[in-house]
Amino acid sequence: MGNTENWYEERVEAYVDGELAGGELRMFEARLELDPDLRASVTSARELQSALGALPRYRCPPDMAAKVARITDTEPRRWPLRVAAAIAAAGLALGLSLGEWPGSSPEPHVAAVPEEIPADELAEAREELALALAYLDKAGAAAGREVGSQWIKPVERTLAAVEGSAG
Amino acid sequence: MKRRFRQLVKMHQDRLYSTAVQLLGHSGEAEEVVQDVFVKLWDHLEELEEARVLPWLIRVTRNACLDLLRRRQVHLAFAVSGGVDERHVDNSTPAEELGRVRLRDELRAAIDGLDEPFRSLVVLREIEGFSYDDIGTALKLNESQVKVYLHRARRKLRERLQEFKVSDDG
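Everything numeric in this text was worked out from a predicted model, so none of it was measured.

Enquirer: I keep staring at the overall build of chain B and nothing clicks. Help me out?
Expert: The helix and strand inventory of chain B stands at 8 helices and 0 strands. When the helices and strands of chain B are read in sequence order from the N terminus, they spell out α-α-α-α-α-α-α-α. Sequence separation of at least 24 residues holds for 72% of the intrachain contacts in chain B that already meet a minimum separation of 6.

In structure tokens form, the structure reads like this:
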């Protein structure tokens, strides 16, 4: 399929979605009057839109709210926060005590990453890592040290590499 | 924090549940997924800024569903799952209703036949109506990528429906 046809299809979808405006809309509608193929494309796009719109949506079972409300009877599990804070603090203390910060950014090492990483675990790890990095950044700022480029970027590159290998 | 959590649950539970049902084809599993998602929300609520909550919920829900599907290895077809309770009332004739049901089943099969991320995008945008912005943030795609992928997905669905109409007319 050529670019022209893609462009044509995209305009049809934009028209059906109500996203065309001004001169573009007027031009499209003028062409619609004259072009039976274009009208057929619009009809087909509308049929799909209508069929998708007719698919059922589902409501939560009525007892869901009560079940979920029970979650708040327990304290949030903060262990990742504590672990992240401990790691960040240990890293910072080590860096400060040695008077050293990593001067170079090592290449990401992803060989030890398991081949199959469940997407939800990866997402959780990403959230927790972001938290750890935020702590590190905050702790570094409190100590008057710029840690972003030295500590955070290599970790972010590693994470990107892990996500690449998992994807 | 409890109040904020309950407000968020109330605000998002139906769409997240519906998304999970669309992706899993099974109401019981969808319910478990959504409960797990809310447990995670409770654990992470303090760290999440308001604007990040919905994309985070979408991402965690989708990831949990895809993970479950991978473990299950097969996509349960809606027509045979028996796990989805659908109720609606209208005044159509039996023939019209039959045509609609067949079209719906065909469309459902076509959506289930899409690869990721096309399938999730169709469910999130076309069926559940999440914004491009929230979907893009959740799936780590920019708005233009979301639109291009949706365009490709729609084309595949149109082709499939066209084939269905031709075979149905014949």
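Enquirer: Help me understand the overall build of chain A in this model?
Expert: From N to C terminus, chain A includes 7 helices and 0 strands. Moving toward the C terminus, one meets the helices and strands of chain A in the order α-α-α-α-α-α-α. The proportion of buried residues among the 167 residues of chain A is 15%. Taking all contacts inside chain A whose residues are at least 6 apart in sequence as the whole, residues at least 24 apart take part in 72%.

Enquirer: Any chance you could explain the interface of chain A and chain B here in plain terms?
Expert: Frequently, the measure chosen for interface size is the accessible area that the parts lose on association. Contacts between the two partners involve 31 residues from chain A, matched on the other side by 38 residues from chain B. Contributing elements (two or more residues each) for the side of chain A that touches chain B: α1 (3-16), α3 (36-54), α4 (64-69) and α6 (119-142) of chain A. Considering each element in turn, the side of chain A that touches chain B owes the most residues, 6 residues, to α3 of chain A. Split into classes, the residues belonging to the side of chain A that touches chain B amount to 19 nonpolar, 2 polar and 10 charged.

Enquirer: How should I be thinking about the confidence of the model for chain B in this particular structure?
Expert: Any segment with low pLDDT has predicted coordinates that should not be analysed in fine detail. Residues and elements named next belong to chain B. Predicted confidence across chain B gives a mean pLDDT of 85, with 85% of residues reaching 70 or more. The least confident element of chain B is helix α4 (residues 78-81), whose mean pLDDT is 43; the most confident is helix α6 (residues 118-127), at 96. The low-confidence segment residues 79-83, where pLDDT is below 50, has 8 contacts with residues more than four positions distant or belonging to other chains. Overall fold confidence (pTM) sits at 0.67, and the ipTM for the predicted complex is 0.81.

Enquirer: Even after reading the chapter, I still don't get helix α1 (residues 2-24) of chain B, so can you show me in this structure?
Expert: Since there are 3.6 residues in each turn of an α-helix, residues three or four apart along the chain are aligned in direction. Considering bend angle alone, the principal kink of α1 of chain B is centred on H12 of chain B and spans about 50 degrees. Positive backbone phi, at 70 degrees, marks G25 of chain B, one or two positions downstream of α1 of chain B.

Enquirer: I'm lost on the confidence of the model for chain A in this one. Help?
Expert: Taken as a whole, chain A shows an average pLDDT of 70; of its residues, 42% reach a score of 70 or greater. Contacts from residues 100-115 of chain A, a stretch scored under 50 in pLDDT, to residues over four places away or in other chains number 17 contacts.

Enquirer: I would appreciate a short explanation of helix α7 (residues 132-139) of chain B in the present structure.
Expert: Residues and elements named next belong to chain B. Residues of α7 that are buried include every one of D134, I135 and A138, and no others. Along the long axis of α7, the arc covered by the buried residues comes to 100 degrees, so they all point the same way. Backbone geometry just downstream of α7 places K140 in the positive-phi region, at approximately 55 degrees.

Enquirer: It is not clear to me how unusual backbone geometry should be interpreted in this structure. Could you clarify?
Expert: Most peptide bonds take the trans form, and the phi angle of most residues other than glycine is negative. All names here are of chain B. A cis amide bond links E116 with the next residue in sequence, P117, at an omega value of 5 degrees. As for its position among the elements, P117 is in the loop between α5 (94-112) and α6. Backbone geometry at K140 places phi at a positive 55 degrees, although glycine is not the residue there. As for its placement among the helices and strands, K140 is situated in the loop between α7 and α8 (143-169). Take K140: there are 12 C-beta atoms within 10 Å of it, and that puts it in the exposed class.

Enquirer: Just checking my understanding: could you explain the nonpolar core for this structure?
Expert: Nonpolar side chains tend toward joint burial in soluble globular proteins. With 44 residues, the main nonpolar core has A20, V34, V37, L57 and L121 of chain B as its most contacted residues. Not counting chain neighbours up to four residues away, the residues in contact with A20 of chain B comprise A30, V33, V34, T61 and C65 of chain B.

Definitions and limits used
Residues numbered from 1 in each chain as written. Chains lettered and ligands numbered in written order. Predicted model: local features only at pLDDT ≥ 70, side-chain atom pairs only at ≥ 80, totals over all residues. Helix = DSSP H or I, 4+ residues; strand = E, 2+ residues; numbered from the N terminus. Contact = placed C-beta atoms within 7 Å. Buried ≥ 20, exposed ≤ 12 C-beta atoms within 10 Å, placed from the backbone. Nonpolar A, V, L, I, M, F, W, Y, C, P; charged D, E, K, R; others polar. pLDDT = per-residue confidence, 0-100. Bend = angle between axes of the 7 residues up to and from the residue. Arc of directions from axis to C-beta. Core = buried A, V, L, I, M, F, W, Y, C linked by C-beta atoms within 7 Å.

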